[in-house]
Number of protein chains: 2
Amino acid sequence: MYRTHTCGELRITNINQQVTLAGWVQRIRDLGAMTFIDLRDRYGITQLVAYNNAAEDTLKTIRELGREFVVQVNGTVRERSSKNVNIPTGEIEIDINSVTVLNASIIPPFTIQDDTDGGDELRMKYRYLDLRRNAVKQNIELRHKMAQEVRKYFDEKGFLEIETPVLMKSTPEGARDFVVPSRLNPGTFYALPQSPQTFKQILMVAGYDRYFQIVKCFRDEDLRADRQPEFTQIDCEMSFVEQEDILNTFEGMLKHLFKKIKGVDFDNPFLRMTFEEAMNNYGNDKPDLRFDMKIKEITNLVKGIGFSIFDQANYIGGICATGAADFSRKQIDELTEWVKRPQIGAKGLIYIRFGADGIKSSIDKFFSTDKLAEIGKTFDAKTGDMVFILVGDKKKTLGQLSELRLEMGSRLGLRDKNTFVPLWVIDFPLFEWDEETQRFYAMHHPFTSPKPEDIAFFESDPGNVRANAYDCVVNGVELGGGSIRIHDQQLQQKMFKVLGFSKEQAEYQFGFIMNAFTYGAPPHGGIAFGFDRLVSMFAGLDSIRDVIAFPKNNSGRDMMIDSPSVISDDQLKELNLKVELKTEK
Amino acid sequence: MYRTHTCGELRITNINQQVTLAGWVQRIRDLGAMTFIDLRDRYGITQLVAYNNAAEDTLKTIRELGREFVVQVNGTVRERSSKNVNIPTGEIEIDINSVTVLNASIIPPFTIQDDTDGGDELRMKYRYLDLRRNAVKQNIELRHKMAQEVRKYFDEKGFLEIETPVLMKSTPEGARDFVVPSRLNPGTFYALPQSPQTFKQILMVAGYDRYFQIVKCFRDEDLRADRQPEFTQIDCEMSFVEQEDILNTFEGMLKHLFKKIKGVDFDNPFLRMTFEEAMNNYGNDKPDLRFDMKIKEITNLVKGIGFSIFDQANYIGGICATGAADFSRKQIDELTEWVKRPQIGAKGLIYIRFGADGIKSSIDKFFSTDKLAEIGKTFDAKTGDMVFILVGDKKKTLGQLSELRLEMGSRLGLRDKNTFVPLWVIDFPLFEWDEETQRFYAMHHPFTSPKPEDIAFFESDPGNVRANAYDCVVNGVELGGGSIRIHDQQLQQKMFKVLGFSKEQAEYQFGFIMNAFTYGAPPHGGIAFGFDRLVSMFAGLDSIRDVIAFPKNNSGRDMMIDSPSVISDDQLKELNLKVELKTEK
């Protein structure tokens, strides 16, 4: 061992002990009579001091040190004359006896500090230096701790962690698969799992009634901010359960994590809200409930009064921004531009200000003060508030109002990162109609069970069938989702029929699981949580990138190892493959 | 919840309770006056009983039940008149009140029992039924438990589990990579990791001084029994340590597992043996030390006496099979055929029998009894023993003696699966000379550190440089191996030179890690354990297949999901790939 203690370990109680430390040089301050060195390792920083009456070779070595040199130091723990109360080792320093350079370092391309001067690209290329920064290290430690706690929780509840294959089979339904050519089976391919969905259902058929796995999944998706081609899920499945059992079990997991990691207690059960309520009140199936500001529809109240914009709209709705009456003309103009950006897509923004000096609005010409007050009443608007109204097609406008609501929440400081409001969104529709292809798609996946009471109109009115499906949402972020699965073969066949599968297609794509279901499939259901997302929420980050040790950039490239890369002709030949690049871009 | 208790839970203390169970029908016995049903779930088997005065619909349902039907049963716990002491629930039975079929089953293709009638292929195709068998289930449960204990041990020792990428970069050195075409970066490929070797070393450079990961690794190797294209490793790395620290830390892990899982205590440190000793005494770098039977060389003792077979050999050696003097002529003949099989490749087998009636041997014609006794003395042979001798080229003959030794150990019952003898094999050679390509290869990998005292003849006599490399061997099975790594750039460059790399090649293949080493790499080293192998040893199995939930067969095929499979032309086109099958086989 190159050290007796770590750089985060020594305290005032260690005074006068001979110790050996090893670590990286964080900072050197040569004060003439003495030189201070901050030595850093994973556990902290310890101050070293060498006086200029030290041995000449020690002083020589110290003079040659640079940032990020790896050194081993032997010395005596002393009480500091000027203590640093900000770090745990701040009361002591090491009086250097001898120092050995274990490895030199060239000058790093950016500073190894919380507020580094390194840009995103540089930090990714030199990820090993970025990972030395405390800000990143804390996330990696948090991730480890959360994984441990997840496993502890499930182990105690009798769940088994079972590894499912990484080399599995490509299924055309769903997102795009990454594929892996098989050399031993020429012309064929494995696929990397988008999720272990079929395998975990197979495990239920096999009788392993409580399964979980913290598992890598893969999706070959197009560029999009904050997506990674490989990501990690907490994947779970249970047998002989109903929806209520699943919600309770996994609510328990989140409560356990919040308690153990953040010290946050949730005394009450998580809120529950139907998909319909969520869409109507928040325009969104993952509402941020850290603040209220519900969307209200006022179509019937204001339509047909002679204001053409309202008269032509099939939906008129708005939100009441509490305390926003003091927004200036300029702020409102800027907000109007904000909702008109293509990402939001509104035509304009109508406001009604409930100021101390009375009600003012952008539609004063068309509506009497009484009418405006009546609108205000719908929103429960008080003096000091501002109501914002958007109009148009119902679905689109609700989406725009949802964005506006979140934006106002942020602007009004209502989205504190240390407040957590968890929520189950339930009763999702089973199917989604796709205008383009003129067919129904499974909103979750084809194995999701309808609500028993809705099976009656399964074929006559598929669009209104609700699923036993649920999402876990915290602060507007979907952390996980799942469903009770179909375990009845006949119902499964009905499902495939509504989805437009021929019997042959269903057999080709899902034959092995359909076959498994004929040998005694128990009632079962499950859920999967996005582990990267969960850790990033606990870390108070907006992006998942910094909770992943070696993330890829938005083109799916690993900047550090420079991958993906070309492979040799020999490799291609062995795989019976030829690369044929398209000539046009 | 479909049940109040599991099928493994009820005891005599539960008598007269109303309970609901759910599970699979294992067995039905209709005795006329009553019908017994064994109901099975993950937790055990509970006997149900229905008397023929039960409600008619209950009796009707029961009459229609078949093996592997999934049922829910409500009833009362009763004390059995005839108790079964072999199962934990054997004192009670459930007097059926009502029974519901949750799902029917067609007749399974093999019996769901410990001694199933299903062949290997059938069991793989219907793996979900095979997994229901107790014998397989126990392995899956053991695997979960061992993974939990490994994580617990490392967590307590301050190790962080850090996920390294699955989509990484192909490196031509080593075994064959599986590759993954990148759609977003046309013409380029990711590779699946054969091990996270470079990433874990990068993590050491990044300052994470205690890393571990239970991680999937991939090797595209040719067919070979008991290999899987995807396998699981316990991958570990530490900084600021010497070999001794590593051995102690991971010996600790194994001791923890043996204690927690098998209840086996190792009071003493594991044995240690140099590679050279292992090769000379056991003909093998992973000796099975559950029995002694060391190989002894007798070349000098018996060569040049006029027995041409000995006189022509450059190595003569043997083993003493304790208590094997009663082997019959027929047994010896059979053993002779055994060593002459191509897998072993010996030319013949010489024996010296130390019987109660004197010394007899197959070389009586050439050696006096005194000489035979002298040979016997070398082997410490006692009356009742038998010495077996093989001759030939040293390396080959040692290999053959190693096989013979293991075979004799098995035949003499010296290899008990419940006895565990762990061992560290140390001081491996750094390089291996390859006759075919006329160059040195790294015996472990190019980052393995030589012993400091051997660096002097690094370039003059590479073949004799020993490495700071070590293998962990239990009962003749290599469970893990690792090394102290090179952290000095200049030494690393010397290494590449001996391995015949040009500077450009080294840069192209290992540039990113060489580059990382210029920014302050700490001294570090690590180890990786084969987790599948470890679990299979704890399970007392010879194969790793049954400790993997969904293994592939020897052609790398998943028989259950029928993978790998062809993918669509659209998929190939998107990936800029064309399949070009070779016309000849």
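Residues numbered from 1 in each chain as written. Chains lettered and ligands numbered in written order. Predicted model: local features only at pLDDT ≥ 70, side-chain atom pairs only at ≥ 80, totals over all residues. Heavy atoms only, no water.

1. Some words on the pairing of strand 16 (residues 386-392) of chain A
Residues and elements named next belong to chain A. Rules: Each residue gets one of three labels from its accessible area relative to the maximum for its type: buried under 20%, exposed over 50%, partly exposed in between, using a 1.4 Å probe on protein chains only. For helices the rule is a DSSP run of H or I covering at least 4 residues; for strands it is a run of E covering at least 2, with both sets numbered from the N terminus onward. Strands qualify as paired when DSSP identifies two bridges or more between them.
The buried fraction of strand 16 amounts to five of the seven residues, a majority that puts the element mostly inside the structure. The pairing of strand 13 (residues 315-321) with strand 16 spans seven bridges and is antiparallel. Note on strand 16: the bridge partner recorded for Tyr315 is Gly392. Here four bridges tie strand 14 (residues 350-355) to strand 16, and the two strands are oriented antiparallel to one another. What sits directly across from Arg353, in strand 16, is Met386.

2. Regarding the sheet that holds strand 2 (residues 34-41) of chain B
Two strands in a sheet stick together by hydrogen bonds in their backbones, pointing the same way (parallel) or opposite ways (antiparallel). What counts is decided by this rule: To obtain an axis, a line is fitted to C-alpha atoms, over the contacting stretch when the element is a helix, and the angle between two such axes runs from 0 to 180 degrees between their N-to-C directions.
Ordered in space as 1-2-3-5-4 (chain B), the five strands form a closed barrel in which the pairing is mixed. In this sheet, neighbouring strand axes are inclined to one another by 55° on average, regardless of whether the strands run parallel or antiparallel.

3. A word on the packing of aromatic side chains
Under the convention used in this document: The aromatic pairing rule takes the rings of Phe, Tyr and Trp, using the six-membered ring of Trp, and pairs them if the centres are within 6.5 Å, calling planes under 30 degrees apart stacked, those over 60 edge-to-face and the rest tilted. Should the NZ of a Lys or the CZ of an Arg lie within 6 Å of a ring centre and within 35 degrees of the ring normal, that charge is described as sitting over the ring.
If you walk through the whole model with that rule in mind, you get 62 aromatic pairs over all chains. Taking 6.3 Å as the distance between ring centres and 85° as the angle between the ring planes, the aromatic pair formed by A:Phe447 and A:Phe496 counts as edge-to-face. Taken together, the residues A:Phe447 in the loop between strand 19 (439-442) and strand 20 (469-474) and A:Phe496 in helix 13 (residues 489-498) connect sequence positions 49 residues apart. The class of A:Phe447 is buried, set by a relative accessible area of 3%. Since its relative accessible area comes to 2%, A:Phe496 is described here as buried. Against the face of A:Tyr126 rests A:Lys125, its NZ or CZ located 5.6 Å from the ring centre. A cation over an aromatic ring shows up here: B:Arg439 above the ring of B:Tyr441, its NZ or CZ 3.7 Å from the ring centre.

4. Description of helix 11 (residues 369-378) of chain B
Residue and element names in this part refer to chain B. Selection criterion: In this description, the arc belongs to the directions extending from the helix axis to the C-beta atoms. Residue contacts are counted whenever heavy atoms from the two residues lie within 4.5 Å of one another.
Taken together, the buried positions of helix 11 are occupied by Lys371, Leu372, Ile375 and Gly376. Buried residues of helix 11 fall within an arc of 150° about the axis and therefore sit on the same side. Exposed and oriented more than 90 degrees from the buried face of helix 11 are Asp370 and Lys377. Summarising the contacts, the buried residues of helix 11 are in contact with helix 8 (299-302), strand 14 (350-355), strand 15 (358-361) and strand 16 (386-392). Among the residues trailing helix 11, Asp380 stands out with phi positive, at a value near 55°.

5. Some remarks on helix 1 (residues 56-64) of chain B
Residue and element names in this part refer to chain B. Residues of helix 1 that are buried include every one of Thr58, Leu59, Thr61 and Ile62, and no others. The buried residues of helix 1 occupy an angular sector of 160° when the element is viewed end-on, so they sit on one face. Relative to its buried face, helix 1 has exposed residues pointing more than 90 degrees away, namely Glu56, Asp57, Arg63 and Glu64. Packed against the buried residues of helix 1 are strand 2, strand 3 (44-51) and strand 5 (92-103).

6. Considerations on the sheet that holds strand 1 (residues 18-30) of chain A
All names here are of chain A. The five strands lie next to each other as 1-2-3-5-4, forming a closed barrel whose pairing is mixed. The average angle at which neighbouring strand axes cross in this sheet is 55°, direction not considered. Pairing of strand 4 (residues 70-79) with strand 5 (residues 92-103) involves ten bridges; the strand directions are antiparallel. Note that in strand 5 the partner of Thr76 across the bridge is Asp95. Docked against the sheet, helix 1 (residues 56-64) engages strand 2 (34-41), strand 3 (44-51) and strand 5, running at close to 75° with respect to strand 5.

7. Comments concerning the packing of helix 4 (residues 134-156) of chain B against helix 6 (residues 243-262) of chain B
All names here are of chain B. Note the cut-off: Throughout this description, any angle smaller than 35 degrees is read as roughly parallel, any larger than 145 degrees as roughly antiparallel, any in the 65 to 115 degree range as roughly perpendicular, and the remainder as oblique. Handedness of a crossing follows from how the near helix is turned relative to the far one, being left-handed for an anticlockwise turn of less than a right angle and right-handed for a clockwise one. Gly falls in the polar group here, along with every residue not listed as nonpolar (Ala, Val, Leu, Ile, Met, Phe, Trp, Tyr, Cys, Pro) or charged (Asp, Glu, Lys, Arg).
Two elements in contact, helix 4 and helix 6, have axes separated by 10 Å at closest approach and are oriented at 135°. The angle between helix 4 and helix 6 falls in the class oblique. As helix 4 runs across helix 6, the sense of the crossing is right-handed. For the pair helix 4 and helix 6, the contacting residues are Leu142, Lys145, Met146, Glu149, Val150, Tyr153 and Phe154 in the first and Thr249, Phe250, Gly252, Met253, His256, Leu257, Lys260 and Ile261 in the second. Partitioning the contact of helix 4 with helix 6 into residue classes produces nine nonpolar, three polar and three charged.

8. Considerations on the domain arrangement of chain A
To keep it simple, the criterion reads: Each domain's extent is set by a domain assignment, obtained either automatically or from a database.
Segmenting chain A into domains produces domain 1 (12-103), domain 2 (137-273 + 422-569) and domain 3 (291-411). One C-alpha centre belongs to domain 1 of chain A, the other to domain 2 of chain A, and the line joining them spans 50 Å.

9. As for the environment of B:Asn515
For B:Asn515, the position within the fold is in helix 14 (residues 503-516). Judged by its relative accessible area of 31%, B:Asn515 falls in the partly exposed class. Along the chain, B:Asn515 and B:Leu21 lie 494 residues apart, while their C-alpha atoms are 62 Å from each other. Setting aside anything within four residues of it in sequence, one finds B:Asn515 in contact with A:Tyr126 and A:Tyr128.

10. Description of the confidence of the model for chain A
Using the following cut-off: Values of pLDDT, ranging from 0 to 100, describe the predictor's confidence in every residue of the model.
This prediction gives chain A a mean pLDDT of 94; 99% of its residues lie at or above 70. Confidence metrics for the complex model read pTM 0.95 and ipTM 0.95.

11. So, unusual backbone geometry
A cis amide bond links A:Ser563 to the next residue, A:Pro564, at an omega of 5°. Mapping A:Pro564 onto the fold places it in the loop between helix 15 (531-538) and helix 16 (569-574). Residue A:Asp562 is not a glycine yet carries a positive backbone phi of 60°. Along the chain, A:Asp562 falls in the loop between helix 15 and helix 16. Look at A:Asp562 and you get partly exposed, because its relative accessible area is 43%. Of note, the phi angle at B:Met293 is positive, near 45°, even though the residue is not glycine. Along the polypeptide, B:Met293 turns up in the loop between helix 7 (275-282) and strand 12 (296-297). Residue classification places B:Met293 among the buried residues on the basis of a relative accessible area of 7%.

12. Remarks on the relation of the copies chain A and chain B
Put simply, the rule reads: The atoms used to superpose the copies are C-alpha atoms, taken from residues with pLDDT of at least 70 in both, and the fit is least squares.
In screw terms, the move from chain A to chain B is a rotation of 180° and a rise of 0.0 Å along the axis, fitting with an RMSD of 0.1 Å. On this basis, the relationship between the two copies can be described by a two-fold rotation axis.

13. Here's the deal with the pattern of salt bridges
Defined as follows: By salt bridge we mean one thing: a side-chain nitrogen of Lys or Arg within 4 Å of a carboxyl oxygen of Asp or Glu.
Counted by the stated rule, this structure contains 103 salt bridges over all chains. Across the pair B:Arg151 and A:Glu161 runs a salt bridge, and its minimum N-O distance is 3.6 Å. Residue B:Arg151 is located in helix 4, and its partner A:Glu161 is located in strand 6 (residues 160-161); the two belong to separate chains. Both residues of the pair, B:Arg151 and A:Glu161, belong to the buried class. Where B:Glu251 meets B:Lys255, a salt bridge forms, and the shortest distance between an N and an O atom there is 3.4 Å.

14. Re the environment of A:Thr58
All names here are of chain A. Along the polypeptide, Thr58 turns up in helix 1. What makes Thr58 buried here is its relative accessible area of 6%. Through-space distance from the C-alpha of Thr58 to that of Ser98 is 5.9 Å; in sequence the pair is 40 residues apart. Leaving out residues up to four positions away in the same chain, Thr58 has contacts with Ile96, Asn97, Ser98 and Val99.

15. Details of the environment of A:Met204
Along the chain, the position of A:Met204 falls in helix 5 (residues 197-205). Between the alpha carbons of A:Met204 and A:Ala521 there is a distance of 7.2 Å; along the sequence they are 317 residues apart. In contact with A:Met204, not counting residues within four places along its chain, are A:Asp209, A:Arg210, A:Tyr211, A:Glu237, A:Met238, A:Ser239, A:Pro522, A:His524 and B:Trp24.

16. Some points on the pairing of strand 17 (residues 422-426) of chain A
Residues and elements named next belong to chain A. Burial runs high along strand 17: five of the five residues are buried. Pairing of strand 11 (residues 271-274) with strand 17 involves four bridges; the strand directions are parallel. Considered in strand 17, the bridge of Arg272 is made with Trp424. Where strand 17 and strand 20 come together, five bridges link them in antiparallel fashion. When the bridges of strand 20 are listed, Leu423 appears paired with Val473.

17. Re the packing of helix 5 (residues 197-205) of chain B against helix 14 of chain B
All names here are of chain B. Running from N to C, helix 5 and helix 14 point in directions that differ by 20°, and their axes come no closer than 9 Å. In this view, helix 5 runs roughly parallel relative to helix 14, as classed from their interaxial angle. The hand of the helix 5/helix 14 crossing is left-handed. Where helix 5 approaches helix 14, its residues Thr198, Gln201, Ile202 and Val205 are matched on the opposing element by Phe512, Ile513 and Ala516. Broken down by class, the residue content of the contact of helix 5 with helix 14 amounts to five nonpolar, two polar and no charged.

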